[in-house]
Amino acid sequence: LRVAWPLPHGAESLHAVYKPIGGERPLADFPTGTLANREEAAWHVSEATGWSIVPPTLVRDGPAGVGMVQLWLDTDDDADILRMILTRDDRLRQMAVFDALVNNADRKGGHLLVTGADVHGCDHGICFAVAPKLRTVLWGWRGEPLTPDELAAVASVREALDADLGHRLRELLASREVDATRRRADALLG
């Protein structure tokens, strides 16, 4: 399996998570065979925020067929994710905004990857639904206004949806899902 990611200095290879489309379990509320594309789409939106919440993720051909390939991140095994959630750890706030933007229907504590001072998210296969499906453990900031930095990140995504990001997402998602993402960005900027 070959993916063109730059290697850290001195490294000969990288580890990655690979989820072939052929191994996807059908879901009643998401089209069959689309989860890998949704994972890549989430990475593109994450990059558009400037927050790099989602590790680099691409759809590529692999040993079991086409699927999602995501850069493996070594995590802090001692991180107390439940405590982070319950105490509204500031490192999770941007992820909560990101989840609202992509309509994440599956944010669990196990989908939080603590890598030192940073927290990343994984498992974004059931995002981007047209209907509201936000299901997350990150409710600590519900009802609070977005900060200026968060508004700037959402505005960056909104602008990019009318340009390159929108074109790329339309290659990965249904047009109505991209349009719904645009509406969610508009609502967050409200």
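These numbers come from a predicted model, not from an experiment. (Residues numbered from 1 in each chain as written. Predicted model: local features only at pLDDT ≥ 70, side-chain atom pairs only at ≥ 80, totals over all residues. Heavy atoms only, no water.)

Participant: Just checking my understanding: could you explain the pairing of strand β5 (residues 118–121) for this structure?
Facilitator: On any regular strand, side chains alternate: one points to one face of the sheet, the next to the other face. Direction of pairing for strand β4 (residues 112–115) relative to β5: antiparallel, over a ladder of 4 bridges. For Thr 115, the partnering residue across the bridge sits in β5 and is Asp 118. Hairpin connection from β4 to β5: 2 residues lie between these consecutive antiparallel strands, with Gly 116 at a positive phi of about 75°. (Pairing = 2+ DSSP bridges. Helix = DSSP H or I, 4+ residues; strand = E, 2+ residues; numbered from the N terminus.)

Participant: Got a minute to help me understand the pattern of salt bridges in this structure?
Facilitator: If you walk through the whole model with that rule in mind, you get 17 salt bridges. A salt bridge links Lys 19 to Asp 123, with the nearest nitrogen and oxygen atoms 2.7 Å apart. Of the two residues, Lys 19 sits in strand β1 (residues 16–20) while Asp 123 sits in the loop between β5 and α4 (148–161), which places them 104 residues apart along the sequence. Given a relative accessible area of 26%, Asp 123 falls into the partly exposed group. A salt bridge links Arg 88 to Glu 144; the shortest N-O distance between them is 2.7 Å. Here Arg 88, found in the loop between α2 (81–86) and α3 (93–102), pairs with Glu 144, found in the loop between β5 and α4; they are 56 residues apart in sequence, far enough to count as distant. Relative accessible area serves as the criterion here: at 34%, Glu 144 is assigned to the partly exposed category. Residues participating in the shared-partner salt-bridge network are Arg 158, Asp 162, Arg 170, Asp 179, Arg 182 and Asp 186. (Salt bridge = Lys/Arg side-chain N within 4 Å of Asp/Glu carboxyl O. Buried < 20%, exposed > 50% of the residue type's maximum accessible area, 1.4 Å probe, protein only.)

Participant: Help me understand the side chain of His 124 in this model?
Facilitator: Checked against the element boundaries, His 124 lands in the loop between β5 and α4. In this structure the side chain of His 124 is engaged in a polar contact, spanning 2.9 Å, whose partner is the side chain of Arg 107. Apart from residues lying up to four places away in sequence, His 124 is in contact with Arg 38, Glu 39, Ala 42, Val 54, Phe 98, Asn 104 and Arg 107. (Polar contact = N/O pair within 3.5 Å; in protein donor to acceptor, adjacent residues only side chain to side chain. Contact = heavy atoms within 4.5 Å.)

Participant: How should the sheet that holds strand β3 (residues 65–71) be read in this particular structure?
Facilitator: Sheet strands line up and pair through hydrogen bonds in the backbone, either parallel or antiparallel. With antiparallel pairing, 3 strands are arranged side by side in an open sheet as β1-β3-β2. Each edge of the open sheet carries a strand with a single partner, namely β1 and β2 (57–62). Averaged over all pairs of adjacent strands, the angle between strand axes in this sheet comes to 35°, irrespective of strand direction. In this structure, β2 lies alongside β3, joined through 6 bridges in antiparallel fashion. Note on β3: the bridge partner recorded for Thr 57 is Gln 70. Sheet contacts for helix α1 (residues 35–49): β1, β2 and β3; angle to β2, the most-contacted strand, approximately 145°. (Axes fitted to C-alpha atoms, helices over the stretch in contact; angles between N-to-C directions.)

Treat this as a map of the structure, not an account of what it does.
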